[in-house]
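Summary of structural features
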Amino acid sequence: MDTKTEAEKERMRGYLLGNLSDEEKARLEERFLGDGAYFEQLSAVEEELIEAYVHRELKEPDRKCFEQYFMESPVQRVRVDRTDVFLQALESARRQESLFASTPPRFPKAIHLRPSRRALGSFLAATALLLAVITSWLLRQQTRLREQINQSQAALQQEYQIEQQLREQEKQAGVQVAQLSEQLRELKSPQLNGVILDAYPSRFTRAADGPAPNELTVPLGGKTITLLLHSSSRKAYPTYRLEIVDAKESVIWQGEGLVRQTTGEYVISLPSELLPPGSYSLHLYAPNHGQRIPVERYRIRMAMPR
Amino acid sequence: MGCRMRAATTGNETLDQETFDKLLEWLDPDRKRAAEQYENIRSRLMRLFVWRGAQSPDACVDETIDRVARRVAEGAVAEMPDPIRYFASVAWNVCSEVRRREQRLRTKEPLLPASGDGHNEERLYHCMERCLNQLPAVERLLMIDYHAGDWRVRLARRERLVKDLGISPNALRLRCSRIRSKLDSCLEDCLKR
């Protein structure tokens with residue numbers, strides 16, 4: 001407010017408080033009777049004066065002038081009372097508005113209702129506390145979720161490995177099944193180019209004038225060998241056990257349940273792949289109360305197929 | 001200050017139509033503008049007598065207008081260049097007369113407090129709240145920002161309002177005063193119900 005306006009405002013206050021001379025009063029009254037803007041300004045100053053009085057902000061001697069001069073008219077006393085009520089109602093409205101202080105500004109230009117410092121402090125403290133709680137909770141949740149993710153990843157990795165193993169096993173089993181199926185098919189099919197070998201015990205072949213060593217040549221494509229093991233033994237047993245031993249004295253096959261034919265031979269059919277070219281010994285035993293009794297021994301030699 | 005009481009409501013019921021028409025014509029040849037000026041003078045005279053401490057300002061206003069209108073009808077003020085100045089001088093005289101009368105009466109009639117009983121205060125508060133709520137939100141919030149709190153808070157808020165609204169402190173004061181006037185009219189209506 002500039003000096004001129006401030007001086008005019010002081011003059012108005014003086015008029016309202018009865019501090020002007022008669023001449024000044026007359027001049028001022030004449031002006032506000034004819035000048036609407038001036039009258040408005042005087043009314044505004046009057047409101048400020050009443051408000052200051054109601055707030056007990058008027059200092060001496062203004063307060064005394066206000067009570068003795070300004071409030072002389074009953075109309076003014078009513079105005080003072082109403083201003084008191086007006087300010088109480090505004091204070092009540094302000095408190096209500098403070099509850100909704102977060103709503104956006106409602107003035108054409110930004111006019112904000114500020115909550116009191118105390119309320120603002122409480123609000124900030126509550127917000128900080130809330131943020132701390134939320135942050136702590138979020139951190140705990142983050143740690144827990146990370147653990148869950150790690151566990152899930154480990155479980156997934158394990159499952160993947162198991163799956164790979166199972167697939168490998170399945171693949172191997174498939175190969176085996178295919179081989180077995182092939183073997184089964186071959187076994188069920190008629191065997192072509194099979195050979196039969198008469199084999200005599202070693203005691204006969206060792207003699208210089210005895211029969212030639214048992215030699216067998218399997219033709220190409222021949223898959224089975226049938227051995228007719230001749231025997232001169234007089235003693236008979238219910239069943240016999242046969243072991244096939246290669247040149248390195250390793251047992252490559254053994255089996256029980258062999259029986260002597262009525263013609264005196266032992267008959268056994270073998271896959272030709274069991275006896276690749278080389279020398280072999282066939283040992284025939286008779287099981288007897290947990291012991292085995294040597295019965296016969298045969299030596300055979302497999303020649304390269306032609 | 002106690003003017004003689006009259007049965008005045010809208011004022012000047014003792015004036016006949018002819019006298020009143022002459023008064024309006026004297027104020028302004030244009031009837032419409034004359035009527036506006038008459039209303040302005042009447043309302044401002046009302047405040048004048050209140051500020052002068054009149055006990056019955058309505059009656060004082062009527063007395064002033066009555067005297068001016070009669071002098072105009074008599075042709076005594078036909079050459080007065082400024083009607084406002086004449087009204088002011090007559091009002092001054094009326095004030096002086098009634099003040100003398102009042103000083104004689106004051107010793108006999110003690111002043112009574114203006115405020116009524118608790119019921120009236122409650123009703124007044126209710127009406128005030130109601131009128132505040134009827135104000136547009138912008139005006140209600142402006143009233144709150146302008147008036148609520150102690151003087152330090154009010155001062156800070158008013159400075160901020162001046163800055164935010166981009167107007168002078170005087171313009172802000174007038175804007176709030178107009179809203180207050182609107183509120184007072186609403187309050188009067190509410191209290192009459």
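Bear in mind the structure is a predicted one, so any value in this text is a computation, not a measurement. (Residues numbered from 1 in each chain as written. Chains lettered and ligands numbered in written order. Predicted model: local features only at pLDDT ≥ 70, side-chain atom pairs only at ≥ 80, totals over all residues.)

Within chain A, the regular secondary structure consists of seven helices and eight strands. Looking at chain A alone, contacts between residues at least 24 apart form 64% of all its contacts between residues at least 6 apart. (Helix = DSSP H or I, 4+ residues; strand = E, 2+ residues; numbered from the N terminus. Contact = placed C-beta atoms within 7 Å.)

Here we come to the overall build of chain B. Helix and strand counts for chain B come out as eight helices and zero strands. Reading the helices (α) and strands (β) of chain B from amino to carboxyl end gives α-α-α-α-α-α-α-α. When the 193 residues of chain B are sorted by exposure, 32% land in the buried category. Counting only contacts in chain B whose residues sit at least 6 apart along the sequence, the fraction spanning at least 24 positions is 64%. (Buried ≥ 20, exposed ≤ 12 C-beta atoms within 10 Å, placed from the backbone.)

Residues and elements named next belong to chain A. Between Glu60 and Pro61 the backbone carries a cis peptide bond, its omega angle lying at 5 degrees. Its place among the elements puts Pro61 in the loop between helix H3 (36-54) and helix H4 (62-68). In this model, Arg56 sits at a positive phi of 60 degrees, which is unusual for a non-glycine residue. With respect to the element layout, Arg56 can be found in the loop between H3 and H4. Of the residues examined, Arg56 has 9 C-beta atoms within 10 Å and is grouped as exposed.

Next up on the list: the sheet that holds strand E6 (residues 266-271) of chain A. All names here are of chain A. The three strands are arranged E1-E3-E6 in an open sheet whose pairing can be described as mixed. At either margin of the open sheet sits one strand with a lone partner, and together these are strand E1 (195-199) and E6. Taken over all neighbouring pairs, the strand axes of this sheet differ in orientation by 20 degrees on average, direction set aside. With five bridges connecting them, E1 and strand E3 (residues 224-229) associate as parallel partners. (Pairing = 2+ DSSP bridges. Axes fitted to C-alpha atoms, helices over the stretch in contact; angles between N-to-C directions.)

Residue and element names in this part refer to chain B. Per-chain confidence: chain B averages 79 in pLDDT, with 82% of residues scoring 70 or above. Averaged over each element, pLDDT in chain B is lowest for helix H4 (residues 83-106) (80) and highest for helix H2 (residues 31-51) (88). Overall, residues 1-11 carries pLDDT values under 50, and its contacts beyond four positions in sequence, including any with other chains, amount to 37 contacts. Considering only residues more than four positions removed or in separate chains, one finds that residues 109-115, a stretch of pLDDT under 50, has six contacts. The ipTM for the predicted assembly is 0.74, set against a pTM of 0.50. (pLDDT = per-residue confidence, 0-100.)

Nonpolar side chains in soluble globular proteins tend to end up buried together. With 41 residues, the main nonpolar core has Leu16 of chain A together with Leu45, Phe49, Cys60, Phe87 and Ala91 of chain B as its most contacted residues. Mapped onto this core, the elements with two or more residues apiece are helix H1 (3-16), helix H2 (22-34), H3 and helix H5 (74-99) of chain A together with helix H1 (17-27), H2, helix H3 (57-73) and H4 of chain B. Those residues in contact with Leu45 of chain B that lie beyond four places of it in its chain are Val61, Thr64, Phe87 and Ala91 of chain B. In this structure, Leu227, Tyr240, Leu282 and Tyr298 of chain A belong to the second largest nonpolar core, which totals 20 residues. (Core = buried A, V, L, I, M, F, W, Y, C linked by C-beta atoms within 7 Å.)

To characterise two packed helices, one gives the angle between the axes of the helices and the distance between these axes. Packing of H3 of chain A against helix H8 (residues 169-192) of chain B brings their axes to within 9 Å, and their N-to-C directions diverge by 80 degrees. By the angle between their directions, the pair H3 of chain A and H8 of chain B is classed as roughly perpendicular. Residues Glu40, Gln41, Ser43, Ala44 and Glu47 of chain A of H3 of chain A form the contact with H8 of chain B, whose own contacting residues are Asn170, Arg173, Leu174, Ser177 and Arg180 of chain B. Of the residues in the contact of H3 of chain A with H8 of chain B, the class split is two nonpolar, four polar and four charged. (Parallel < 35°, antiparallel > 145°, perpendicular 65-115°, else oblique. Nonpolar A, V, L, I, M, F, W, Y, C, P; charged D, E, K, R; others polar.)

Another point: the environment of Pro287 of chain A. Residue and element names in this part refer to chain A. Residue placement: Pro287 occurs in strand E7 (residues 278-288). Residue Pro287 is classed as partly exposed on the basis of its C-beta count, with 14 C-beta atoms lying within 10 Å. Along the primary structure Pro287 and Arg241 are separated by 46 residues, whereas in three dimensions their C-alpha atoms are 7.0 Å apart. Contact partners of Pro287, with chain neighbours within four places excluded, come to Thr239, Arg241, Glu256 and Arg292.

Helix length check: helix H7 (residues 151-165) of chain B, at 15 residues, gives a terminal C-alpha distance of 20 Å against a target of 21 Å (1.5 Å per residue), a fit within 8%. Just past H7 of chain B, the residue Gly166 of chain B takes up positive phi, approximately 65 degrees. (Expected span 1.5 Å × (residues − 1).)

Each partner contributes to the interface: chain B provides 44 residues, whereas chain A provides 45 residues. Those elements that place two or more of their residues in the side of chain B that touches chain A are H2, H4, helix H5 (118-134), helix H6 (137-147), H7 and H8 of chain B. With eight residues, the single largest contributor to the side of chain B that touches chain A is H6 of chain B. In the side of chain B that touches chain A, the residues fall into 27 nonpolar, eight polar and nine charged.

Attention shifts here to the confidence of the model for chain A. Residues and elements named next belong to chain A. Looking at chain A, the pLDDT average stands at 82 and 88% of residues meet or exceed 70. Looking at the elements of chain A, mean pLDDT is at its lowest for helix H7 (residues 202-205), recorded as 66, and at its highest for strand E4 (residues 240-245), recorded as 93. With pLDDT under 50 throughout, residues 102-106 is counted as low confidence; its partners more than four residues away or in other chains account for six contacts. Note that residues 109-113 has pLDDT below 50 and, in this model, 16 contacts with residues that lie over four places away or in other chains.

This part is about the sheet that holds E7 of chain A. Residue and element names in this part refer to chain A. Spatially, E2-E8-E7-E4-E5 is the arrangement adopted by the five strands of the open sheet, whose pairing is mixed. The open sheet has two free edges, formed respectively by strand E2 (214-217) and strand E5 (251-258), since each of these has just one partner strand. Averaged over all pairs of adjacent strands, the angle between strand axes in this sheet comes to 25 degrees, irrespective of strand direction. In this sheet, E7 lies alongside E4 in antiparallel orientation, the contact comprising five bridges. Paired with Ile244 across the two strands is Leu282, which belongs to E7.

Turning our eyes to something else, we now look at H3 of chain B. Residue and element names in this part refer to chain B. For H3, spanning 17 residues, the distance from its first C-alpha to its last is 24 Å, which sits close to the expected 24 Å at 1.5 Å a residue. Of all the 17 residues making up H3, twelve are buried; the element is thus mostly covered by neighbouring parts of the structure. Along H3, the residues that are buried comprise Pro57, Ala59, Cys60, Val61, Asp62, Glu63, Thr64, Ile65, Asp66, Val68, Ala69 and Val72. At the exit of H3 stands Gly75, carrying a positive phi of roughly 85 degrees.

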